[in-house]
Amino acid sequence: MNFRTVDEFENFDFNEAHIGGIEVKSGHVFLYLDNVMISAKNSCNRDIREMRTNELVLKLHDGQITSFVKEGVKVYNADGVFQREIPDEIIPAEKYEETFEMLFDKYMLEAGIKKNDETAENIYEFEIEYEEFSYLLVVKAAHDVEEWDKFMNK
């Protein structure tokens, strides 16, 4: 990879990123993403405008999945009358890999980070669309590392 940043999660926009894969290996969580926006503030961005990239690897160093949930929904009929509620479904650890495979070729709805200055740990949240549902993946990690090969115009 030609470009690499550490702890610059905020200098990327992962919303609407295309998911090429998610995996947990060697104590890290990896997300393989396309259509990631790179802020003009990014340390590797020599242009003064927002750029984008494909084939970005987001590595959450010492990553631990703290929560993985298929988010529930409320179902209404065409007249707006409540019909039923489908509750949240917690994904058990033994189903992570199977669910990651199911989320291949889907899109990120939203991604964010919460920093805990006291513990020096970061909490990364990824909301991923899947048909009429969405999945919320929450990962606790020490650092984020982003690697990619090239900048592209938006």
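Rules and cut-offs
Residues numbered from 1 in each chain as written. Predicted model: local features only at pLDDT ≥ 70, side-chain atom pairs only at ≥ 80, totals over all residues. Heavy atoms only, no water. Salt bridge = Lys/Arg side-chain N within 4 Å of Asp/Glu carboxyl O. Helix = DSSP H or I, 4+ residues; strand = E, 2+ residues; numbered from the N terminus. Contact = heavy atoms within 4.5 Å. Pairing = 2+ DSSP bridges.

(A) Quick peek at the pattern of salt bridges. In the structure shown here, the tally under the stated rule is seven salt bridges. The partner of K154 in a salt bridge is E50, with the nearest N and O atoms 2.8 Å apart. Here K154, found in the segment after β15 (143-148), pairs with E50, found in the loop between β5 (36-38) and β6 (51-53); they are 104 residues apart in sequence, far enough to count as distant. For E98, the salt bridge is made with K95, and the minimal N-O distance between the two is 3.9 Å.

(B) Seen up close, the environment of F151. Tracing the backbone shows F151 in the segment after β15. When the C-alpha atoms of F151 and E50 are compared, they prove to be 9.8 Å apart, with 101 residues separating the residues in sequence. Here F151 is in contact with F3, I38, C44, N45, M51 and R52, once residues within four sequence places are set aside.

(C) Structural context of the sheet that holds strand β14 (residues 133-141). Across the sheet, which stays open at both edges, the five strands sit in the order β11-β8-β14-β13-β12 with antiparallel pairing between neighbours. The outermost strands of the open sheet, each flanked by one partner alone, are β11 (89-90) and β12 (108-116). In this sheet, β11 lies alongside strand β8 (residues 64-71) in antiparallel orientation, the contact comprising two bridges. Bridge assignment links V69 to a residue of β11, and that residue is I90.

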